[in-house]
Amino acid sequence: MVNRRIKTATTSAYELYGNEKLPEVDEWSIILDSKGEPVCVIQEKVAEIVPYDLISKEHAYHEGEGDRSYEYWRRTHDNFFDWKYREAGKVFYSQAPMVCEVFEKVE
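This structure is a prediction, so every number in the text was calculated from the model and none was measured.

Caption draft 1: Representation of the overall build of the chain. From N to C terminus, the chain includes two helices and four strands. In the chain, the succession of α and β elements from N to C terminus is β-β-β-α-α-β. Scaling as 2.2 N^0.38, a compact globule of 107 residues should have a C-alpha radius of gyration of about 13 Å, and the chain matches this with 14 Å. Projected onto its principal axes, the C-alpha coordinates of the chain cover approximately 40 × 35 × 25 Å. When burial is assessed residue by residue, the chain has 33% of its 107 residues classed as buried. Considering only contacts in the chain between residues 6 or more positions apart, those separated by 24 or more positions represent 67%.

This is the structure we're talking about:
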């Protein structure tokens, strides 16, 4: 989806980053497929921390998932983050800080 420029944003849980480096604006990354093969290069355009319940409909649309509606995004992300937090021994909550990224396919 990134390679076809459908997915131009992503959201991840700030509290679950651990020691992983946070994304930075203008940073370049290589996107890999399920086999670990490179498919494209992206450049970070926005990287900000936003409370989960304040993530915009626009951001959800740019994640490019399902029918691209906020309702679809919210339903699937509620389930995903609930699972990821439980897996880490934590409780997911609606104001959880999220790393919201917007990127552009470069190559």
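Caption draft 2: Representation of a nonpolar patch on the surface in the model. On the surface, a cluster of nonpolar side chains totalling about 250 Å² of accessible area is made up of Tyr-14, Leu-22 and Ile-49. Looking at the secondary structure, you find Ile-49 in strand S3 (residues 38-51). With a relative accessible area of 45%, Ile-49 lands in the partly exposed category.

Caption draft 3: Focus on the sheet that holds strand S2 (residues 28-32). If you walk across this open sheet you meet the four strands as S1-S4-S3-S2, and the pairing is antiparallel. At either end of the open sheet lies a strand with only one pairing partner, and these are strand S1 (9-13) and S2. Averaged over all adjacent pairs, the angle separating strand axes in this sheet is 40°, with direction ignored. For S3 and strand S4 (residues 97-105), the ladder comprises nine bridges, and the chain directions are antiparallel. In the sheet register, Val-50 faces S4, and the bridge partner there is Met-98. Its contacts with the sheet put helix H2 (residues 70-87) on S1 and S4, and the angle it makes with S1 is roughly 35°.

Reading the values: the criteria
Residues numbered from 1 in each chain as written. Predicted model: local features only at pLDDT ≥ 70, side-chain atom pairs only at ≥ 80, totals over all residues. Heavy atoms only, no water. Helix = DSSP H or I, 4+ residues; strand = E, 2+ residues; numbered from the N terminus. Rg over C-alpha atoms; globule rule 2.2 N^0.38 Å. Buried < 20%, exposed > 50% of the residue type's maximum accessible area, 1.4 Å probe, protein only. Contact = heavy atoms within 4.5 Å. Patch = residues over 30% accessible without salt bridge, like charges linked within 9 Å, V, L, I, M, F, W, Y side chains within 5 Å. Areas by Shrake-Rupley, 256 points an atom, 1.4 Å probe, with all protein chains shown as cover. Salt bridge = Lys/Arg side-chain N within 4 Å of Asp/Glu carboxyl O. Pairing = 2+ DSSP bridges. Axes fitted to C-alpha atoms, helices over the stretch in contact; angles between N-to-C directions.

Remember, this is a structural readout, not a statement about activity or role.
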